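# Observations on chain architecture
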Amino acid sequence: MTTETVVFDLGGVVFNWQPTVLLRQVLPGRARDEAEAAHWVREIFQTFDPDGDWAQFDLGNVEPEGLAQRIARRTGLAVEEVMAVIDGLAPHMRVKDDTVALIHELKAAGHRLVYLSNMPHGLARWIEDDHPFADWFEDGIFSARVALMKPDPAIFHTVTEQLAVSDPSPVFIDDAQRNIDAARALGWRPVRFETANQVRAELMALNLLG
C-alpha cells in the first residue's frame, strides 16, 4: 500500500451540513415544512452560485452583518432572520464521528491528510479553535483565506502549490457533485461522500485501506 495524499472537504463530510434542517430549526415560521425549507435554502444560499451573496461570504469578501443585509434586501427576509441562520451555523455543524474514525484509519495507514473547504473567516476560526484539527489534518485551505472557492480550478491548484501536494492524482472526498466534477477534470481521484462507510469501501477499492 503506497502513501497517498487525501484531501477532505469539511461541511457535509467531517461536519454535519443539512441546510433544510438548519432552516427548520432557526426559521420555524418561514420553513414550516420541507418544501418551504427547500425554498428558503435556495433563496438564502443561491445554490452557492460563485457570484451569489453567500459565495462572497465564503470568499471572505463580506462580514456576517453585511451578508445579512444583502440577503435581506434580496429576499425580503428580516436582517434578524438572516442573522439567525448565520448564528445557527456553528451549533448545527456537529462533528460526524464516523468520519473522524475514518480519518484516524487513514492516518494509521500512513496517508497524508489535508482539507479544502469553502468556509468564511468566522466559521474557519471556530472550527480550528474548538476541534482537534492537529489530530486530524496536517494542513489545509479555507476559501476565505485565499479568496478562491470550489469548484474554481484555481483553488485546487492552490492546494497543490501551498500544501506541496506532490501526488499527481490526490484522492479528494467531497459531498458536492460540482466539486467532484472539477477535481476529476484536473486528474484528481474524487470520491463523492454519502456516508463514511461508503467512502471507506471506495478507499479500500483504491487500495488506501486494507
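Residues numbered from 1 in each chain as written. Predicted model: local features only at pLDDT ≥ 70, side-chain atom pairs only at ≥ 80, totals over all residues. Heavy atoms only, no water.

## Here we look at the overall build of the protein chain
A tally of helices and strands in the protein chain yields 13 helices and 5 strands. Here the C-alpha atoms of the protein chain give a radius of gyration of 17 Å, agreeing with the 17 Å that 2.2 N^0.38 yields for 210 residues. Considering the protein chain as a whole, with its 210 residues, one finds that 50% of them fall into the buried category. Within the protein chain, contacts between residues at least 6 apart in sequence are counted, and of these 62% link residues at least 24 apart. Total accessible area computed for the protein chain in this model is approximately 9,400 Å², and 49% of it derives from carbon and sulfur atoms. One finds the centroid of the 19 positive side-chain charges in the protein chain at a distance of 3 Å from the centroid of its 32 negative side-chain charges. (Helix = DSSP H or I, 4+ residues; strand = E, 2+ residues; numbered from the N terminus. Rg over C-alpha atoms; globule rule 2.2 N^0.38 Å. Buried < 20%, exposed > 50% of the residue type's maximum accessible area, 1.4 Å probe, protein only. Contact = heavy atoms within 4.5 Å. Areas by Shrake-Rupley, 256 points an atom, 1.4 Å probe, with all protein chains shown as cover. Lys, Arg positive; Asp, Glu negative; His and termini not counted. Charge placed at Lys NZ, Arg CZ, Asp CG, Glu CD.)

## Here we look at the sheet that holds strand 2 (residues 112–117)
Judged by pairing direction, the sheet is parallel, and its 5 strands sit side by side in the order 3-2-1-4-5 without closing on themselves. Bordering the open sheet on either side are strand 3 (139–142) and strand 5 (189–192), each of which pairs with just one other strand. Strand-to-strand twist in this sheet, taken as the mean axis angle between neighbours without regard to direction, amounts to 20°. Both strand 2 and strand 3 contribute to a ladder of 4 bridges, which runs parallel. Counted as the bridge partner of Tyr 115 is Gly 140 from strand 3. Sitting on the sheet, helix 12 (residues 177–185) touches strand 4 (171–174) and strand 5, and the angle it makes with strand 5 is about 165°. Here helix 13 (residues 196–205) sits on the sheet in contact with strand 4 and strand 5, set at roughly 150° to strand 5. (Pairing = 2+ DSSP bridges. Axes fitted to C-alpha atoms, helices over the stretch in contact; angles between N-to-C directions.)

## Description of helix 4 (residues 64–75)
A rise of 1.5 Å per residue sets the reference length of helix 4, with its 12 residues, at 16 Å; its end C-alpha atoms lie 16 Å apart and thus fit the reference within 8%. Considering only its buried residues, helix 4 is in contact with helix 2 (34–45), helix 3 (53–58) and helix 5 (79–87). The positive-phi residue at the C-terminal boundary of helix 4 is Gly 76, with phi of around 90°. (Expected span 1.5 Å × (residues − 1).)

## A closer look at helix 1 (residues 19–26)
Taken residue by residue, helix 1 has Pro 19, Leu 22 and Leu 23 as its buried positions. Relative to the axis of helix 1, the buried residues are bounded by an arc of 95° and lie together on one face. Among the structural elements, helix 2, helix 5 and helix 6 (89–92) are those in contact with the buried residues of helix 1. (Arc of directions from axis to C-beta.)

## Observations concerning the packing of helix 7 (residues 97–108) against helix 13
Taken N-terminus to C-terminus, the directions of helix 7 and helix 13 make an angle of 25°; their axes are 9 Å apart at the nearest point. By the angle class used here, helix 7 and helix 13 are roughly parallel. Mapping the contact onto sequence places Asp 98, Thr 99, Leu 102, Glu 105 and Leu 106 in helix 7 and Ala 196, Val 199, Arg 200 and Leu 203 in helix 13. Tallied by class, residues from the contact of helix 7 with helix 13 come to 5 nonpolar, 1 polar and 3 charged. (Parallel < 35°, antiparallel > 145°, perpendicular 65-115°, else oblique. Nonpolar A, V, L, I, M, F, W, Y, C, P; charged D, E, K, R; others polar.)

Geometry only, nothing functional implied.
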